[in-house]
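Architecture and fold: a report
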Amino acid sequence: MTARTTAPPELTVTDVTVRFAGLTALDAVSFTVAPGSVHALIGPNGAGKSTCFNVLSGLCRPATGTVRLGDADLTRLAPHRIAALGVARTFQNIVTTQGTVADNLMLGRHVLSRAGFAAGALRLPHARREQRAHLDRAREIAGLTGLAAHFDSPVALLSYGDRKRVEFARALCLEPSVLLLDEPVAGMNAAERARTVEVVHAVRAELGLSVVLVEHDMGLVMRLADEVTVLDFGRAIAHGTPDEVRRDPEVLRAYLGTGAEGEEDAA
Ligand SMILES: Nc1ncnc2c1ncn2[C@@H]1O[C@H](COP(=O)(O)OP(=O)(O)OP(=O)(O)O)[C@@H](O)[C@H]1O
Ligand SMILES: [Mg+2]
């Protein structure tokens, strides 16, 4: 497996505000994802987590604020330009039901394909070589995400947990420096969750990329995240290590709706 030789660039979100009609979904939100770290974005339902991912991936343009990846300004770029600069994402709800695992991973690779579809269709030798290299890499990524045994299986026949991981693997096929995971274990059983935690650890160790994680499973956030940003009604109310934020009175208030100092289990 090819590990990244240089650290991924820092991802910096500065004063991002998003409004939908009368609602401020994100209100001057700032945070920084350190190179190679797992950064969790948590908060109650409707806090603005997915909206934040939509801004990071170019699906939503903020009213104000900036998003930078190293020296590159991502703020108003189209989604495919942002993906090409190294930010890949998964979606909160599964979208993949068609084709085999290999087909889905190769969709991720096509964005990187230099030979292009025309040369591929004409079966030119360099295009065939490139295609083979992409297939080999897709197979490696399937191995890393625990999907090797299912590489040629139709996605529709896989378990729910495996299908969620196909999404994850497809995003990795873009060779991102930053991977955005929106609720990667939502709806999974305990065994599938544990498997996904292992896969995130393996991906990070092997590929050295940064991960931004939106997740409601606090046990998983505590185990995976180096840093946490807490959103509540569109505002970033806390930043810190998992241990720091779970003790933060404002965070406890946001989750419990009361001033509940000392009730640490709630976070
Ligand atoms: N396209 C949109 N148009 C109008 N309002 C929207 C739109 N997208 C999101 N919202 C609103 O913005 C707020 C933030 O939504 P968002 O989906 O970002 O929350 P979330 O933190 O991801 O919640 P969840 O944990 O339920 O996934 C919510 O009040 C939501 O209803
Ligand atoms: Mg969401």
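Residues numbered from 1 in each chain as written. Chains lettered and ligands numbered in written order. Predicted model: local features only at pLDDT ≥ 70, side-chain atom pairs only at ≥ 80, totals over all residues. Heavy atoms only, no water.

So, on to the environment of P79. Topologically, P79 is positioned in helix α2 (residues 79-84). By relative accessible area, which is 36% here, P79 ends up partly exposed. Ignoring any residue separated from it by four or fewer positions in sequence, one finds P79 in contact with S57, G58 and L59. (Helix = DSSP H or I, 4+ residues; strand = E, 2+ residues; numbered from the N terminus. Buried < 20%, exposed > 50% of the residue type's maximum accessible area, 1.4 Å probe, protein only. Contact = heavy atoms within 4.5 Å.)

Neighbouring residues of ligand 1: 13 residues in total, closest G46, K49, S50, T51 and H216. The separation between an oxygen atom of ligand 1 and a polar main-chain atom of A47 is 3.2 Å. Separating an oxygen atom of ligand 1 from a side-chain N or O atom of H216 is a distance of 2.8 Å. Coverage of ligand 1 by the protein chains reaches 60% of its 640 Å² of free accessible surface. It is helix α1 (residues 49-56) that provides the largest number of residues to the shell around ligand 1, a total of three residues. (Near = heavy atom within 4 Å. Polar contact = N/O pair within 3.5 Å; in protein donor to acceptor, adjacent residues only side chain to side chain. Areas by Shrake-Rupley, 256 points an atom, 1.4 Å probe, with all protein chains shown as cover.)

Scanning the model with the defined rule gives zero aromatic pairs in all. One Lys or Arg, R89, reaches over the ring of F91 and ends 4.0 Å from the middle of that ring. (Phe/Tyr/Trp six-rings, centres within 6.5 Å; stacked < 30°, edge-to-face > 60°. Lys NZ or Arg CZ within 6 Å of the ring centre and 35° of its normal.)

Once that is clear, we can look at the packing of helix α3 (residues 101-110) against helix α5 (residues 125-144). At a minimum axis distance of 9 Å, the contact between α3 and α5 shows a crossing angle of 120°. One way to sum up the angle between α3 and α5 is to call them oblique. The way α3 lies across α5 gives a crossing that is right-handed. From α3, L105, M106, R109 and H110 reach across to α5, where they touch Q131, H134, L135, R137, A138, I141 and A142. Classifying every residue of the contact of α3 with α5 gives six nonpolar, three polar and two charged. (Axes fitted to C-alpha atoms, helices over the stretch in contact; angles between N-to-C directions. Parallel < 35°, antiparallel > 145°, perpendicular 65-115°, else oblique. Left-handed = near helix turned anticlockwise from the far one by under 90°. Nonpolar A, V, L, I, M, F, W, Y, C, P; charged D, E, K, R; others polar.)

Counting residues in hydrophobic clusters, the biggest one holds 35 residues, and the most contacted among them are L105, F168, L172, L179 and V203. Looking at this core, the elements with two or more residues in it are α3, α5, α6 (160-172), β7 (178-182), α7 (190-207), β8 (210-214) and α8 (218-224). The contacts of L105, once residues within four sequence positions are left out, are A138, A142, F151, V166, A169, R170 and C173. In terms of nonpolar packing, the next biggest core, distinct from the first, is built from 27 residues, V13, V33, C52 and L231 among them. (Core = buried A, V, L, I, M, F, W, Y, C linked by side-chain atoms within 4.5 Å.)

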